[in-house]
Amino acid sequence: MISIPHKAKQFSVFIVKLLIVLGAFYFIYDRLANDKSLDWEKFGQLIEEKATFISVFILLLFSVANRFFEILKWQNLVKVIKPISLGESSKQVLGALTAGIFTPNGLGEYAGKALFFNKNETKKVIFLNLICNGIQMILSVAFGTIGLFVLGYWKWSFAIIGLAVFLILFSFFTKKIKIKGYSIEKLIQKINEIPKAIHNKNIGLAICRYLVFSHQYYFLFVLFGVDLPYITLISSIAAVYFLASSLPSFQFLDFAVKGSVAIFFFGRLGVSDWIVVFISTLMWFLNVVLPVIIGSYFVLTFKTKKT
C-alpha cells in the first residue's frame, strides 16, 4: 500500500478546505450578482430609509439567536457520543454549514460534522444530525399546516394531515421489514436509546429556534411597511417556510426557493413582489451568508482526526 508523505497530505487537505471556502463564496456572489429580480438601486434606497441602528441590531440579534439555538441543539445531542464545549459545538455547526452550502438540501452538513469525530463514530454523528434536523422539519410541518388552515387553505391542510396519518400507519405495519439490514423498528429503537431528557431539550430548543426565525421574518415585513394582522402574517410565514423547506434545494439557492413560494402567498395578500424578494434575500443573507463567513474560518483551521 502506497503511503502519502505527511507534507503532501497536509497540502491536499489545505487545497480541499480552500476549495470548499472559495466554492461557498463563489456561489454566494453568483446568486447576489446575477439575480435579475433584485433591483439593487431600489434596495439601497429602501435600506437608507428603513435602516436604523436599533433595527439593524435587532435583526443581527435574531440571526445570532437563530444559530445559537442550533448550536445548543447540537451540543445537547452530541452528549450521546461525548460532551463538547459551546465553542466546539459552534465550530462544528458553522463549519458544517459552510461545507454543505452547495450540496442538495445541505447534505454536505452531515459529512462536515462527521469529520470532527473519529471514523468509527461517523454513523452516530450522521444519525444525531438527522435527529437535529428532523425535529426542525417536524415543527415546520406542524406550524405550516396550522398556518395553511388559518389562511383558508383547508384542503391543503387536510391533505397534509391525511398524508401524515397514512405514513404513520404505513410505518406501523411495515416497521419490521428490513432493507439492507435497516428497518423502521430499528430506527425507533435507536431513537429511544437517546435519553428522554436530551429529546425534551432538543424539542424545546427547536421550538425556540423556529419562533426566532419566523419572528425575524415578521419583523422584516413590519419594517418594510407591510400592514397585515399578526395572525395572517405569521401564518403566511409558517406556510412559506414549510412549503419551501419541503422542496429539494441548495443552501445557496435558499432565498430564491423561499422567495418564489413567498411571492405566491404574500402576493395574494397584496404585498409587492419586490418587497417579498428583498425580505427573502435579507433572510438568506442574515441566516446563511453571515454564518458561512464565520464558518469559513473554522473550515480553514480544521484539523483532520488521526483515527
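Residues numbered from 1 in each chain as written. Predicted model: local features only at pLDDT ≥ 70, side-chain atom pairs only at ≥ 80, totals over all residues. Heavy atoms only, no water.

**Structural notes on a nonpolar patch on the surface**
Here is the rule: Residues enter patches when they are more than 30% accessible in relative terms and free of salt bridges; like-charged ones are connected within 9 Å and nonpolar ones (Val, Leu, Ile, Met, Phe, Trp, Tyr) within 5 Å. Per-residue and other accessible areas were derived by the Shrake-Rupley procedure at a 1.4 Å probe size, with only the shown protein chains allowed to occlude residues. Salt bridge criterion: a side-chain nitrogen from Lys or Arg within 4 Å of a carboxyl oxygen from Asp or Glu. Here a helix means four or more residues in a row that DSSP labels H or I, a strand means two or more in a row labelled E, and each is numbered from the N terminus. Exposure is judged per residue with a 1.4 Å probe applied to protein chains only, and the accessible area is read against the type maximum: over 50% gives exposed, under 20% gives buried, and values in between give partly exposed.
On the surface, Phe149, Trp154, Phe158, Ile161, Val165, Leu169, Phe172 and Phe173 cluster together to form a nonpolar patch covering roughly 900 Å² of accessible area. Mapped onto the fold, Phe158 is located in helix α7 (residues 154–173). Residue Phe158 is classed as exposed on the basis of its relative accessible area, which comes to 54%.

**Remarks on empty space enclosed by the protein**
Rolled over the atoms, a probe with the dimensions of a water molecule shows which regions are left empty. Threshold: Using a grid of 1 Å spacing that covers the protein atoms alone, one calls a set of points a cavity when a 1.4 Å probe fits there but cannot get out, and a pocket when the set is open and has protein on both sides within 12 Å along at least five of seven lines; lining residues are those with an atom within 4 Å of a point. Grid points are joined across faces, edges and corners, and a volume is the space filled by probe spheres set on the points. Three classes are used: nonpolar for Ala, Val, Leu, Ile, Met, Phe, Trp, Tyr, Cys and Pro, charged for Asp, Glu, Lys and Arg, and polar for all others, with Gly counted as polar.
By the definition in use, this model includes 1 cavity of 30 Å³ or more. By volume, the largest cavity is sized at about 30 Å³. Here the element with the most residues in the lining of the largest cavity is helix α9 (residues 196–223); it accounts for 3 residues. Grouping the constituent residues of the lining of the largest cavity by class yields 3 nonpolar, 2 polar and 1 charged.

**Some thoughts on the UniProt feature "transmembrane region" (unreviewed entry) in the chain**
Filter applied, for reference: UniProt positions are given in the numbering used here, feature names are shortened, and annotations may be inferred rather than shown by experiment.
In the numbering used here, UniProt assigns the "transmembrane region" (unreviewed entry) feature to residues 12–29, 51–69, 126–150, 156–173, 217–244 and 274–300. Segment residues 126–150 splits into 100% helix and 0% strand. End C-alpha atoms: 36 Å apart. Split by type, residues 156–173 is 100% helix and 0% strand. Its first and last C-alpha atoms lie 26 Å apart.

**Quick look at the environment of Gly134**
Looking at where Gly134 falls in the secondary structure, it is placed in helix α6 (residues 122–150). Residues Gly134 and Ala206, 72 residues apart in the sequence, show an inter-C-alpha distance of 9.9 Å.

**Considering the side chain of Ser157**
We count it as follows: Contacts: residue pairs with any heavy atoms within 4.5 Å of one another.
Within the secondary structure layout, Ser157 lies in helix α7. Sequence-distant contacts of Ser157, defined by excluding residues within four places in its chain, comprise Thr145, Leu148 and Phe149.

**Side note on α6**
For clarity, the cut-off: Expected span of a helix, by definition, is 1.5 Å for each gap between consecutive residues, and there is one gap fewer than residues.
Its 29 residues place the ends of α6 42 Å apart at the C-alpha level, agreeing with the 42 Å of an ideal helix rising 1.5 Å per residue. Count one or two residues on from α6 and you reach Gly152, which has phi positive near 100 degrees.

**So, the packing of helix α3 (residues 53–77) against helix α12 (residues 273–300)**
To be explicit about the condition: Note on method: axes are straight lines fitted to C-alpha atoms, helices fitted across the in-contact stretch only, with angles between N-to-C directions ranging 0 to 180 degrees. Relative orientations are named as follows: roughly parallel for angles under 35 degrees, roughly antiparallel for angles over 145 degrees, roughly perpendicular for angles from 65 to 115 degrees, and oblique for any other angle. The hand of a helix crossing depends on one turn: near helix anticlockwise from the far one by less than a right angle means left-handed, and clockwise means right-handed.
Where α3 meets α12, the closest approach of the two axes is 10 Å, and the angle between their N-to-C directions is 70 degrees. Relative to α12, α3 is oriented roughly perpendicular. When you trace α3 past α12, the crossing you get is right-handed. Across from Leu59, Leu60, Ser63, Asn66 and Arg67 in α3, the residues of α12 making contact are Leu286, Asn287, Leu290 and Pro291. For the contact of α3 with α12, the residue count by class is 5 nonpolar, 3 polar and 1 charged.

**As for a positive patch on the surface**
This is how it is decided: The charge count includes Lys and Arg as positive and Asp and Glu as negative, but it does not include His or the ends of the chains. For this purpose, a charge sits on NZ of Lys, CZ of Arg, CG of Asp or CD of Glu.
On the surface, Lys123, Lys124, Lys186 and Lys190 cluster together into a patch of positive charge. Those elements that place two or more of their residues in the positive patch are α6 and α8 (184–193). Mapped onto the fold, Lys123 is located in helix α6.

**Looking at the environment of Ile58**
Here Ile58 lies in helix α3. Ile58 sits 161 residues away from Phe219 along the chain, and the two C-alpha atoms are 9.0 Å apart.

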